[in-house]
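Geometric and topological summary
Spelled out from the first residue to the last, the chains are:
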Amino acid sequence: MSNRHFQIVVVGSGFAGSLMAMIAHRLGFSTALIERGRHPRFVIGESSTPLANLLLEELADDYDLPFVRPLCKWGPWQEQLPHIGCGLKRGFTFYHHELGGAFQSDPYLHRQLMVGASANEAMADTHWYRPDFDQYLVEQAEALGVTYLDEVGLSRVTEEKNCIRLEGNRRGTPVQLSAEFVIDATGPRGFLHRSLGLAEKPFPSLPPTQALFSHFTGVGPLPESFHSAGRTPPYPPEQAAVHHVFPGGWVWVLKFNNGITSAGAAATDAVANALEFRSGEPAWRRLLERLPSLGEIFGPSNAVTPFIHQPRLAFQSAVITGSRWAMLPSAAGVIDPLLSTGFPLTLFGVVRIGRLLSNHWQRPSFVAELEGYAQLTALELETTASLVGALYATMDRFELFKQLSLLYFAAAHFSETARRSGQAHLADSFLLCRDSIFSSELRKICEAATQPFSSNGADELAERVRRVIKPFDLAGLTDPSRGPWYPALDPELCLSPNLSLQQSLAEGKCPRRG
């Protein structure tokens, strides 16, 4: 295996790396997939979204990957691949807590937000149990003919005139590979960022944050205090990405169908240091003491993987591409698990690099297209960071937090409907960051949310959010009779046969009520 040459080498065999390697192989490139560790393995990043699943469907169809198709919805997954662990995700559930006090619901749901993503279980999204999911995709890549090498510790990369050379070690034996193009799918602060000595680029709008997480068994259900008497939620609240928000941070809870629950906390440095996140499990216990309602849920639980502390959560590489290499968005940067933004960001990148290899390989346009990919990836990361930073700034003002989050949900629902209706050009970027009006207003609103202001200022900011999202609202988010529980609407009802998506919106043909 030493000194072998490939046209494409993908480094990192998470789901995105395996997809990228299979796409390159389908396009006719000699392709190698290189992995530092071994599968199955624990990895963070587990909750999908409708937009991510639509992108995954497109990849499966465009590159003849039929074994990927069942992974795009809960129903087909359970029918065809029940041995691969996953969780049922009907939407996004938020509860607001005060540190030191038990959660109490109220008739007006001031401390809750639920946004439905699917009208039924069969069409629902999923949480991906990554030890099973990633291993399955690696196995499919090998079956297609991708050369797969695991337990390879790459230590050096050298860019030469006609190739890029990778050197390392596999099980005590030196390994040397050369490639015409390298794709980095190793995650934040990954292989190329380290090996090339690239600088980090800060997110000015995002506070410094840390994370602490593990997998658990024996996690209990939501206590009665989370239920609202006399009201039926739009979906079972735990069939979701559950966000327990408190001033300065939040806890995620994702339940899989194999008895495992993924849970962790992301918090500002001030909160994380006060709880001593670096201590691992003792910090988790301290957090549960400060959030007694969560303590009730996790009281009987056991961590089945060692706690992982990330002392710095957010990351962005100052350089994303070179003449013979590119980072997937998951390697170029990471923001926060909040709102499950990682999967669609990464899959947009997989789609774009696939098209770049298909349409521009060895053409004069390749370099310019590669630069364009880097610019758009950075723009999407920075736009996401702007919104997440505003959400952190308002975790102590939950009514405003809820309104700001609707910027995400409006953009996501619009993008999903555009893709379903064959009008993807209307939403060809994450968070509509290439829509000049929406993107500009989002950034202005998010910047304002990080500044001190009065209660009147909060009301004015919430009204600005409603004005911005109204032209894109396919989810009834601007209908005051629906919030803060928003059952999923069928976005296809918005489409008239002879009207574009935006025309349907303008003519009021989209449903505003459930």
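Just above, that's the structure.
Please read all numbers here as calculations on a predicted model, not as lab measurements. (Residues numbered from 1 in each chain as written. Predicted model: local features only at pLDDT ≥ 70, side-chain atom pairs only at ≥ 80, totals over all residues. Heavy atoms only, no water.)

A complete count under the given rule lists 26 salt bridges for this structure. Across the pair Asp 61 and Arg 69 runs a salt bridge, and its minimum N-O distance is 3.0 Å. Its relative accessible area of 35% is what places Arg 69 among the partly exposed residues. Connected through salt bridges with shared partners, the residues Arg 38, Asp 150, Glu 151, Arg 170 and Arg 171 form a single ionic network. (Salt bridge = Lys/Arg side-chain N within 4 Å of Asp/Glu carboxyl O. Buried < 20%, exposed > 50% of the residue type's maximum accessible area, 1.4 Å probe, protein only.)

Under the 1.5 Å per step criterion, the end-to-end length of helix 10 (residues 342–360) is 26 Å for 19 residues, consistent within 8% with the ideal 27 Å. By the criterion of burial, helix 10 is predominantly enclosed, with 15 of the 19 residues buried. (Helix = DSSP H or I, 4+ residues; strand = E, 2+ residues; numbered from the N terminus. Expected span 1.5 Å × (residues − 1).)

This part covers the pairing of strand 1 (residues 4–11). Pairing analysis gives 7 bridges linking strand 1 to strand 10 (residues 173–184), with the strands arranged parallel. Paired with Ile 8 across the two strands is Phe 181, which belongs to strand 10. Taken together, the 4 bridges between strand 1 and strand 2 (residues 31–34) define a ladder with parallel strand orientation. Bridging from a neighbouring strand, Val 11 pairs with Ile 34 of strand 2. (Pairing = 2+ DSSP bridges.)

Cis geometry marks the peptide bond from His 39 to Pro 40; its omega dihedral reads 0 degrees. Going from Gly 483 to Pro 484, the amide bond is cis rather than trans, its omega being 0 degrees. Its place among the elements puts Pro 484 in the loop between helix 14 (455–469) and strand 21 (485–486). Phi is positive for Leu 109, which is not a glycine, with a value near 60 degrees. Structurally, Leu 109 can be placed in the loop between strand 4 (91–96) and strand 5 (112–116). With a phi angle near 55 degrees, Ser 340 is a residue other than glycine that sits in the positive phi range.

With respect to the helices, strands and loops of the structure, Ser 262 is situated in strand 14 (residues 261–268). It is 6.4 Å that separates the C-alpha atoms of Ser 262 and Phe 216, two residues lying 46 residues apart in sequence. Those residues in contact with Ser 262 that sit more than four places away from it in its chain are Glu 46, Ser 214, His 215, Trp 252, Val 253, Leu 254 and Phe 256. At a separation of 2.4 Å, a polar atom in the side chain of Ser 262 contacts the side chain of Glu 46. (Contact = heavy atoms within 4.5 Å. Polar contact = N/O pair within 3.5 Å; in protein donor to acceptor, adjacent residues only side chain to side chain.)

The element strand 12 (residues 241–246) is largely enclosed, with a buried count of 6 among its 6 residues. On strand 12, burial covers both faces: Ala 241, His 243 and Val 245 on one face and Val 242, His 244 and Phe 246 on the other are all buried. In this structure, strand 4 lies alongside strand 12, joined through 5 bridges in parallel fashion. Each residue of the ladder has a partner; that of Phe 94, found in strand 12, is His 243. Looking at chain direction, strand 12 and strand 13 (residues 249–255) are connected through 5 bridges and run antiparallel. Bridged to Val 242 within strand 13 is Val 253. Linkage of strand 12 to strand 13, two consecutive antiparallel strands, is achieved through a turn of 2 residues, within which Gly 248 is found at a positive phi near 90 degrees.

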